[in-house]
Amino acid sequence: MTIPPHARGYEDFGGRIGRTIDDSTPEWPPTPTAAPGSPNIVVVLIDDMGYSDIGPFGSEIDTPNLDRLAASGVRLTNYHTTPLCSPSRAALLTGVNPHRAGYGFVANADPGFPGLRLELSDDTQTLPEILRAGGYATFALGKWHLVRDANLRPGAGRDSWPTQRGFDRYYGSLEGFNSFFHPNQLTSDNSAVDIEEYPDDYYLTDDLTDKAVSYIKDLRAHDADKPFFLYFAHVAMHGPLQAKESDIAKYRGKYAQGWDAVRADRFAGQLAQGLFPEGTQQVPRNVEPGFDVPEWDSLSPDQQRRFAKYMEVYAAMVDSVDQSVGRILDTIESLGELDNTIVVFTSDNGGTAEGGPEGTRSYLAEFARIPDPDWVGDVPHNESLIGSAQLGVHYPRGWGQASNTPFRFYKGQSFAGGVRVPFVLSWPDGLRKESGDNGVRDQFAYVTDLAPTLLSLAGVEAPTHRKGLPVKTFDGVDASPLLRDRAAESAHTEQYTEMVGNRGFYRDGWKLLALHPGADVDAPQWQLFDVRTDPTEIHNVAEKYPDKVAELSAGWDESAWANTVFPLITPTGLATRRPAEQALGRPVRILAGTPTLERYRSSKLIAYRDFDIRVDLDGWSTGDEGVLVAHGDPQGGYLLYIEDGHLVFGVNSFGRYDSVDVGPVPAGARSIEVSAVVAPHLRWNFTISVDGTVVGELLDQVQLVGMAPWTGISVGVDARGPVSWDLRRRRGPFRYTGDLTSVTYTPGPVGVPAAAVREIEREAEYAAD
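Definitions and limits used
- Residue positions are given per chain, counted from 1 along the sequence in the order it is written.
- Owing to the predicted nature of the model, reporting of local features is limited to residues with pLDDT of at least 70; listing and counting of side-chain atom pairs is limited to 80 or more, with chain, interface and lining totals taken over all residues.
- Working from all heavy atoms in the structure, the side-chain values ignore hydrogens and water.
- Secondary structure counts use DSSP, requiring at least four H or I residues in a row for a helix and at least two E residues in a row for a strand, with both numbered from the N terminus.
- Put simply, the radius of gyration uses C-alpha atoms, and a globule should come to 2.2 Å times the residue count raised to 0.38.
- Buried, partly exposed and exposed residues are distinguished by accessible area as a fraction of the type maximum, computed with a 1.4 Å probe on protein chains only: under 20%, between the cut-offs, and over 50%, respectively.
- By definition, residues are in contact when any of their heavy atoms lie within 4.5 Å.
- Accessible surface area values rest on a Shrake-Rupley calculation with a 1.4 Å probe, where residue burial reflects the displayed protein chains alone.
- Here a strand pair is declared whenever DSSP counts at least two bridges between the two strands.
- Lines fitted to C-alpha atoms define the axes here, with helix axes fitted over just the stretch in contact, and angles between the N-to-C directions of these axes take values from 0 to 180 degrees.
- By construction, the arc corresponds to the directions joining the helix axis to the C-beta atoms.
- Only buried Ala, Val, Leu, Ile, Met, Phe, Trp, Tyr and Cys residues count toward a nonpolar core, and they belong to the same one when joined by side-chain atoms within 4.5 Å.
- Geometric relationships in this document are graded by angle, where less than 35 degrees denotes roughly parallel, more than 145 denotes roughly antiparallel, 65 to 115 denotes roughly perpendicular, and other angles denote oblique.
- Multiplying 1.5 Å by the helix residue count minus one yields the expected span of that helix.

With respect to the overall build of the protein
Of regular secondary structure, the protein possesses 17 helices and 29 strands. Relative to a compact globule of 769 residues, whose C-alpha radius of gyration would be 27 Å, the protein shows 27 Å and is just as compact. Per-residue burial over the protein gives 62% buried out of 769 residues. Residue pairs at least 24 apart in sequence account for 73% of intrachain contacts in the protein once pairs closer than 6 positions are excluded. Carbon together with sulfur atoms contributes 50% to the accessible area of the protein, which is approximately 28100 Å² in total.

And the structure:
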């Protein structure tokens, strides 16, 4: 029959429409289906792991599963990434240069320029989006950090969240880092996980691995043929450094020899494995102010003992990551699919100097020491707690340079220590090595090459449009030829780098590099290296080849304009936020039963300012007890609770706890208030009132700023990480038993000078990567 012209809804139907089903022919829209035999793809991305931290790249740390991957696959020894994590993740997942993808910095700023959107744009497609359109199931675990922190809360845009960017399932932390024992907030698919207390044996790496294994098993129980893409972005090795005691015990006493000996042993191992050409030199210890590392033998015995403990924890975390990889491999092998699975293992940037010259008991406090070095201070702490849930430590930067053996500098810099990282790829069915091929590849490769390379290996074509818009084309190249042939030449012949003024430009074996010069972000002091003969960037030949410096600096400038690198960001610019965020600092009434507030939203109610908290009760009665309000965790926070009829207010100053018992609560009390007033030297003075009458005070308390408190506000319970260890041991989360109506926060004026705020926020944003 003929469909009448006024009919609607049949325009794109390819079957036949009659008046009844008996004279009609059905049609079903096609379902994306991968080609038979398509490989699974697993990408394991580590956070802040340097070049030498795994066995295949010279480490003494036990990594049998990564050794197994390297033995069956290839190692890219000249693989480069960006100096910080959000840019690296954006480049890895899109194949587009970081600024062009909108990530010229980490997703903890909002300067308001094209290269610094810190959200994925509609015309930027991702690897999981492409693979899903090609018939793959797609799963993401762990650290995401591609969402501006202002968009982590309910009601904000989710366009840059994992499940909006091509992943079928997601479980992990949207933030830049987290506690390994008490994560401040985990996200499952598109919602925060509302959890009150983590089990005693909880450890984040294990939790993420459990979920990854469950995703794979769940898929295979429902579909025997569909290939999958698993993106496992570990929160490790980012600070704070925390590990299970069973893993730490394995490395007790293993680092008493110090970082100089470790660097020497690792470099010898790298040379023995053929990772560098004969004649390569290891760089001396960093000596530049702010980057310098002392000789291990110059340290006191007490320093050596404590510093070694930090590295024991770090090694335990690497070991834990390897165990996680082993569980993933074993699961895939049990399905009979390991030989046809592409497995990639790499890091987002090099090892870090964030622990300072001597390490820190409080990773969060370290961000905020700039305006006043005595503000918190790294007071002596119980060394037996290093690596535990009670401290948020980070190692001294001497171990960061050991991590980056044999290179100079650290995460954040454009020199090799910041951007040259390990890379292992295994695919037994698809990449068979010839006899005598040790799998080492020394050709230049860059993080943007991963997406087009994986698509080429999998035989999946990238769409040309997304949401009706022409997509940004890849900046990376297909590196599969050099994976198959160790004599192949790299097609990636030039690459710019820029991160807060630290910049570099690679072209045909030459590297032009500059650290941030100081006051003028656009005044680079260029150094030139021929990395074909000097891969560790020791011999600056800028004066010898001024024409090459001019050529490459012009190339950097051209690339910068082509990739929205300008304007170059300054410290002041890093602290800039869009005016709409001021609404996050308005008074808010939080009803009892409200899930824990998100961290960034919570911080805007108290950071750098006076504030009042009012707890409304429906009349206190004898026997009512529990936490009224809590904000924070072991890394810093405060809480108000009633126990045995007494009202107590406590403050955790980045791991140092102080409290005041203000006495019995009057029968029938209906309102309890805490008022914070900014005091000099980044302090708060607190007063506590009941029904309008002042009953106590807690003075000269350290302000919690620079990413603290890490866990958001909870009403009627101390959820997730405990603000007070002693209270948690006695009473658990201590949910309030009486009638609690609401808690109201009324933020007051900012009382800290703007210059100090900018400095603290800059340091926090930089290290939050």
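Re the pairing of strand β29 (residues 740-750)
Taken together, the four bridges between strand β19 (residues 588-591) and β29 define a ladder with antiparallel strand orientation. Across the sheet, isoleucine 590 pairs through a bridge with valine 743, a residue of β29. Relative to β29, strand β20 (residues 609-617) runs antiparallel, the two being bridged by eight bridges. When the bridges of β29 are listed, arginine 614 appears paired with threonine 744.

Topic: the sheet that holds strand β21 (residues 626-633)
Strand order in the open sheet made by the five strands is β24-β23-β22-β21-β28, with antiparallel pairing throughout. Both edges of this open sheet fall to β24 (656-664) and β28 (713-715), since each of them pairs with a single strand only. With direction set aside, neighbouring strand axes in the sheet form an average angle of 10°. Note: strand β23 (residues 646-653) against β24, eight bridges, orientation antiparallel. What sits directly across from valine 648, in β24, is aspartate 661.

Some details on helix α1 (residues 64-72)
The complete set of buried residues in α1 reads Asn65, Leu66, Leu69 and Ala70. Viewed along the axis of α1, the buried residues span an arc of 140°, placing them on a single side of the element. If you follow the buried residues of α1, they end up packed against β2 (74-76), α7 (301-334), β9 (341-347) and β10 (423-426).

Some details on the sheet that holds β10
Reading across the sheet, the ten strands line up as β7-β6-β5-β4-β8-β1-β9-β10-β2-β11 and stay open at both edges, with mixed pairing between neighbours. Edge strands, defined here as strands with exactly one partner in the open sheet, are β7 (191-192) and β11 (440-441). Bridge count between strand β1 (residues 40-46) and strand β8 (residues 228-233): five bridges; the pairing is parallel. Residue pairing in the sheet places leucine 45 in a bridge with alanine 233 of β8.

A short note on the side chain of threonine 352
You can see threonine 352 is positioned in the loop between β9 and α8 (363-366). When near neighbours in sequence (up to four residues on either side) are disregarded, threonine 352 contacts Asp48, His394, Tyr395, Arg397, Gly400, Tyr410 and Lys411.

A look at the environment of aspartate 22
With respect to the helices and strands, aspartate 22 occurs in the segment before β1. The exposure class of aspartate 22 is exposed, given its relative accessible area of 75%. As for aspartate 22 and asparagine 108, which are separated by 86 residues in sequence, their C-alpha atoms are 60 Å apart.

Examining the nonpolar core
Within the largest apolar cluster, 148 residues are counted, with the highest numbers of intra-cluster contacts made by Tyr231, Phe345 and Trp399. With 15 residues, the single largest contributor to this core is α7. When residues no more than four places from it in sequence are discounted, the contact partners of tyrosine 231 are Val43, Leu45, Arg89, Leu92, Leu93, Phe139, Ala140, Leu141, Trp144 and Phe167.

What about the side chain of threonine 744?
Relative to the helices and strands, threonine 744 resides in strand β29. Setting aside chain neighbours within four positions, we find threonine 744 in contact with Val588, Arg589, Asp612, Ile613 and Arg614.

Remarks on the packing of helix α4 (residues 204-222) against α7
α7 packs onto α4 with a crossing angle of 10° between their chain directions and a minimal axis gap of 10 Å. Comparing their axes, α7 and α4 come out roughly parallel. Together, Thr205, Asp206, Thr209, Asp210, Ala212, Val213, Ile216 and Lys217 of α4 and Ser320, Ser324, Arg327, Ile328, Thr331 and Ile332 of α7 make up the contact between the two elements.

Topic: α4
The end-to-end C-alpha separation of α4 is 27 Å, in line with the 27 Å expected for 19 residues at 1.5 Å each. Every buried residue belonging to α4 is among Leu204, Thr205, Asp207, Leu208, Thr209, Ala212, Val213, Tyr215, Ile216, Leu219 and Arg220, and all of these are buried. If you follow the buried residues of α4, they end up packed against β1, β4 (137-143), β5 (169-173), β8 and α7.

Considering the pairing of β20
Note that β20 and strand β25 (residues 671-679) share six bridges and pair antiparallel. Within β25, the residue paired with valine 615 across the bridge is isoleucine 672.

What to know about unusual backbone geometry
With omega at 10°, the peptide bond leading from threonine 405 into proline 406 counts as cis. Relative to the elements of secondary structure, proline 406 occurs in the loop between α9 (397-403) and α10 (416-419). Omega for the peptide link from alanine 708 to proline 709 comes to -10°, which places this bond in the cis form. Locating proline 709 in the fold gives a position in the loop between β27 (693-702) and β28. Of note in this structure, phenylalanine 409 is not a glycine but carries a positive phi near 65°. Within the secondary structure, phenylalanine 409 sits in the loop between α9 and α10. Looking at phenylalanine 409, the relative accessible area reads 1%, which means it is buried. Of note, the phi angle at glutamate 537 is positive, near 55°, even though the residue is not glycine. Along the polypeptide, glutamate 537 turns up in the loop between β18 (527-530) and α13 (546-562). By relative accessible area, which is 1% here, glutamate 537 ends up buried.

Fair warning: the whole summary comes from geometry, so function is off the table for now.
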